[in-house]
Amino acid sequence: MKIKYLIPALILLSIISLFVGVQDLSIWNIHNFTEEQWETLLISRLPRLLAIIIVGVSLSVAGLIMQQLTQNKFVSPTTAGTLDWARLGILVAIIAFAGASTMERLFVAFLFALGGTFLFMRILERIRYKNVIFVPLVGLMLGSVVNAVTTFFAYQYDLIQSLNSWMQGSFSLVLRGNFEILYIGIPLVIIAFIFANRFTVAGMGRDFSQSLGLNYKQIMNIGLLIVAVITAAVVVTIGSIPFLGLIIPNIVSIMRGDNLRNSLPHTALFGAIFLLICDILGRVLIYPYEIPIGLMVGVIGSALFLYLLLRRKSYAT
Amino acid sequence: MALNMLERQKSQFETGDIALEVKNVSKSFDGKKVVKDVSIGVRKGSITSFIGPNGAGKSTLISMMSRLMSHDSGEVLVEGKPIKSYKSDELAKKVSILKQANNINIRLTVRELVSFGRFPHSRNRLSKADWGYVDNAIDYMELRDMQDKYLDQLSGGQKQRAFIAMVLAQDTDYIILDEPLNNLDMKHSVSIMKTLRKLCDDLGKTILIVVHDINFASCYSDDIIAMKDGELAAQGHCHEIINPTTLKKIYDMDIGIEEVNCNKICVYFT
């Protein structure tokens, strides 16, 4: 997996993504596009492409940071319950502040995601039995409890239907003007690059970090902050996309190791490529209808992940 | 030896001075006292072995001496200054500690791991001089031919040597090792103790080490500190401690001493 192959792949897939869809836009016809066709390209297709790339990059990076900080390959915003907390946050925002703007929803979702993730980390500190499988199970259980609470209140307030749209992520509703909040992920990913070495040291554990003079708590907090903001931004705009933050860092880790310096660029690029492939397939398979992206990622991702698990049993332990 | 390539800041502590000091330190976990009012001193430029039965508080004591753990009462002094008064990155250039590291599962190559030993000196970008330290540490621990292997591809002993190489690259005056001979066969145990001896004699490093086999302590260290039930049982020069009376007090065992090649060998098989 080399950068020089990943970048052309990303460009190629981006072009394909721009010209796949219900309305007929052909790249060979670009010189005599009608006004309407240009509008489709600029208002719908391009924003969709940008959203996919940003989500792919930022969710994968968030997953990588989480795995590094918890020293566990099975932890991600999905398995730690971060997603579920963000969703509960959105619900609370809708119920408590009627007519909340996207920005306000994002903020409440972020607060919940952050609180939930910290809670998860606190529980991790407490439990003595830190088995690789046990840790994400705790996260999943916590997430399910939160989800149950969310569903209960959504039911009470007759919001089940709109809640479902948060459950299953989709890029089909992305239009110019409603996805820009995702841009918040870009500076966060840059911060992750700057802190790459520190995250790697933190991944060696508390004792190593302290012996090397790293402020462990501070790095932990910065990392979790990045994860919470990214997750919240994605859930608010696109909905939840399970597994992405889990599979991508794992695949890259097998090939490039855990030195974030080496693996972060690959994780980011591969995340975007993977999500693009899922999205294009989802649009093509039952054309002119669309398979939700969350489903595509879930199916392709879990198959891939299962394959990885069976192939490299010794790797995760 | 080329590990000391850069001009080191002269410390006012000479070889033989008490440079690490613990004064009346206690520590409890959940109300149980694990270290009780212990006072010890470690001489600069020596190897000091910490011995004692399981659960004697050795690991806790050295964790406090390296600030991995805070102490409840008393004082820990590093070159005369309280350990709490050091900034963490400042301390990381003076004291390094390697705890039992067999549970670490990060996928790094040996070379990457060793290069993180330079983290306290140059956080993000390693200079040419830094890489010099890394290369030297790798050669010193004879890891050259496996430097690009991932840690999870190594045996327990190779891994242990890689971690020690990382500590060497950190290039601190004081090196604290918690049971570095764990998981090692005799050949590698001896070679690591010899390496430590060389570090101490050639480079003037001060080395603190927790060992279980008292014969390694007896043959390779200058001083011995013995703990029992959280209390200091004995401290002094190696030859003062290795005698049947003192050992009986520490281990509750009758241990005979034989002299082989000028080394005192403890015979504890009864």
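None of these values were measured; they are calculated from a predicted model.

1. Quick notes on the overall build of chain B
A tally of regular secondary structure across chain B gives 9 helices and 12 strands. For 270 residues, the compact-globule estimate of 2.2 N^0.38 gives 18 Å, and the C-alpha radius of gyration of chain B, at 18 Å, lies within 12% of that figure. Seen through its C-alpha atoms, chain B measures out along the principal axes to roughly 55 × 40 × 40 Å. Expressed as a percentage of its 270 residues, the buried residues of chain B come to 44%. The contacts of chain B with a sequence gap of at least 6 include a subset with a gap of at least 24, amounting to 66%.

2. Structural notes on the pairing of strand 1 (residues 18-29) of chain B
Along any regular strand, the residues point their side chains to alternate faces of the sheet. Residue and element names in this part refer to chain B. Pairing of strand 1 with strand 2 (residues 32-43) involves 8 bridges; the strand directions are antiparallel. Bridging from a neighbouring strand, Glu21 pairs with Gly41 of strand 2. The hairpin formed by strand 1 and strand 2 contains 2 residues between the paired strands, and Asp30 there has a positive phi angle of roughly 50°.

3. Description of the UniProt feature "transmembrane region" (unreviewed entry) in chain A
Residue and element names in this part refer to chain A. When the UniProt feature table is mapped onto this chain, "transmembrane region" (unreviewed entry) is found at residues 6-28, 49-70, 90-120, 132-157, 181-201, 222-248, 268-286 and 293-310. When the span residues 49-70 is considered, its composition is 100% helix and 0% strand, and the gap between its end C-alpha atoms is 32 Å. Here residues 268-286 is 95% helix and 0% strand, with 29 Å between the C-alpha atoms at its ends.

4. Some points on the domain arrangement of chain B
All names here are of chain B. Under the domain assignment used here, chain B contains domain 1 (12-94 + 173-270) and domain 2 (103-171). The C-alpha centroid of domain 2 is placed 25 Å from the C-alpha centroid of domain 1. Contacts between the two partners involve 11 residues from domain 1 and, on the opposite side, 8 residues from domain 2. Of all the elements in the fold, those that place two or more residues in the side of domain 1 that touches domain 2 are helix 2 (88-92) and helix 6 (186-203). With 3 residues, the single largest contributor to the side of domain 1 that touches domain 2 is helix 6. The residue inventory of the side of domain 1 that touches domain 2, partitioned by class, reads 5 nonpolar, 3 polar and 3 charged.

5. Remarks on the interface of chain A and chain B
Accessible area lost when the parts come together is the quantity often used to give the size of an interface. Taken together, the contacts link 16 residues of chain A with 23 residues of chain B. Contributing elements (two or more residues each) for the side of chain A that touches chain B: helix 8 (196-202) and helix 9 (206-211) of chain A. A per-class count over the side of chain A that touches chain B returns 3 nonpolar, 11 polar and 2 charged.

6. Structural notes on unusual backbone geometry
For the bond from A:Tyr287 to A:Pro288, the omega torsion is 5°, close enough to zero to count as cis. Not every positive phi belongs to a glycine, and B:Arg67 is a case in point at roughly 65°. Tracing the sequence through the fold places B:Arg67 in the loop between helix 1 (58-65) and strand 4 (73-78). Overall, B:Arg67 belongs to the buried group, with 21 C-beta atoms counted inside 10 Å. Positive phi is not limited to glycine here, since B:Glu179 has a value of about 50°. If you trace the backbone, B:Glu179 turns up in the loop between strand 7 (174-178) and helix 6.

7. With respect to the sheet that holds strand 4 of chain B
Pairing between the strands of a sheet comes from backbone hydrogen bonds, and it takes one of two forms, parallel or antiparallel. Residue and element names in this part refer to chain B. Strand order in the open sheet formed by 4 strands is 2-1-4-5, and the pairing between neighbours is antiparallel. Each having just a single partner strand, strand 2 and strand 5 (81-82) make up the two edges of the open sheet. Lying on the sheet, helix 1 is in contact with strand 1, strand 2 and strand 4; it crosses strand 1 at an angle near 120°.

8. Let's talk about the pairing of strand 11 (residues 256-260) of chain B
Strand 11 of chain B sits mainly on the outside: 0 of its 5 residues count as buried. Following strand 11 of chain B, the chain reverses through 2 residues before pairing antiparallel with strand 12 (residues 263-267) of chain B; B:Asn261 in that reversal takes a positive phi of roughly 50°.

9. Brief notes about the sheet that holds strand 8 (residues 206-210) of chain B
Residue and element names in this part refer to chain B. Taken in spatial order, the 6 strands line up as 6-7-8-3-9-10 in an open sheet, and their pairing is mixed. Here the strands that pair on one side only, and so sit at the sheet edges, are strand 6 (95-98) and strand 10 (231-237). Neighbour-to-neighbour, the strand axes of the sheet open up by a mean angle of 15°, direction not taken into account. As judged from the 4 bridges shared by strand 3 (residues 47-51) and strand 8, these two strands associate in the parallel manner. Counterpart to Thr48 in the pairing with strand 8 is Leu208. In the packing of helix 6 onto the sheet, the strands contacted are strand 3 and strand 8, and the crossing angle to strand 8 comes to about 155°.

10. Regarding the packing of helix 1 (residues 3-18) of chain A against helix 12 (residues 260-285) of chain A
All names here are of chain A. Across the interface, helix 1 lies against helix 12 with an axial gap of 10 Å and an inter-helix angle of 30°. Judged by the inter-axis angle, helix 1 sits roughly parallel to helix 12. When you trace helix 1 past helix 12, the crossing you get is left-handed. Taken together, the residues of helix 12 that come into contact with helix 1 (itself represented by Ile3, Leu6, Ile7, Ala9, Leu10, Leu13, Ser14, Ile16 and Ser17) are Pro265, His266, Leu269, Phe270, Ala272, Ile273, Leu276, Ile277, Asp279 and Ile280. Considered class by class, the residues forming the contact of helix 1 with helix 12 number 15 nonpolar, 3 polar and 1 charged.

11. Description of the environment of A:Ser76
Residues and elements named next belong to chain A. Tracing the sequence through the fold places Ser76 in the loop between helix 2 (35-70) and helix 3 (82-96). On the basis of neighbour counts, which here come to 32 C-beta atoms within 10 Å, the residue Ser76 falls in the buried class. Along the backbone, Ser76 and Gly139 are 63 residues apart, and their C-alpha atoms lie at a distance of 9.2 Å. Once residues lying within four places of it in the same chain are set aside, the contact partners of Ser76 are Gly63, Met66, Gln67, Gly245 and Leu246.

12. Thoughts on the environment of A:Pro187
Structurally, A:Pro187 is set in helix 7 (residues 185-194). Counting along the chain gives 39 residues from A:Pro187 to A:Ile226, while the straight-line C-alpha distance between them is 9.8 Å.

Definitions and limits used
- Once a new chain begins, its residue numbering starts again from 1 and follows that chain's sequence as written.
- Numbering of ligands from 1 and lettering of chains from A proceed in the order in which they are written.
- Thresholds applied to this predicted model are a pLDDT of at least 70 for local features of residues and 80 or more for the giving and counting of side-chain atom pairs; totals over whole chains, interfaces and linings are not thresholded and use all residues.
- In this description a helix means any DSSP run of H or I spanning at least four residues, a strand means any run of E spanning at least two, and both kinds are numbered starting from the N terminus.
- Both definitions apply: the radius of gyration is a C-alpha atom measure, and the globule rule equals 2.2 Å times residues to the power 0.38.
- Residues are called buried when their C-beta atom has 20 or more other C-beta atoms within 10 Å, exposed when it has 12 or fewer, and partly exposed otherwise; all C-beta atoms are positioned from the backbone.
- A residue pair is marked as a contact if its C-beta atoms, positioned from the backbone, fall within 7 Å.
- One requirement defines pairing of two strands: DSSP has to find at least two bridges between them.
- UniProt positions are given in the numbering used here, feature names are shortened, and annotations may be inferred rather than shown by experiment.
- Where each domain starts and ends comes from a domain assignment, either automatic or drawn from a database.
- When residue character is reported, Ala, Val, Leu, Ile, Met, Phe, Trp, Tyr, Cys and Pro are called nonpolar, Asp, Glu, Lys and Arg charged, and the others, Gly included, polar.
- As a rule, the C-alpha atoms of each element are fitted with a line to give its axis, helices using only the stretch in contact, and angles between N-to-C directions run from 0 to 180 degrees.
- For this classification, under 35 degrees means roughly parallel, over 145 means roughly antiparallel, 65 to 115 means roughly perpendicular, and everything else is oblique.
- Crossing chirality is assigned from the near helix's rotation relative to the far helix, an anticlockwise turn below a right angle marking it left-handed and a clockwise turn marking it right-handed.

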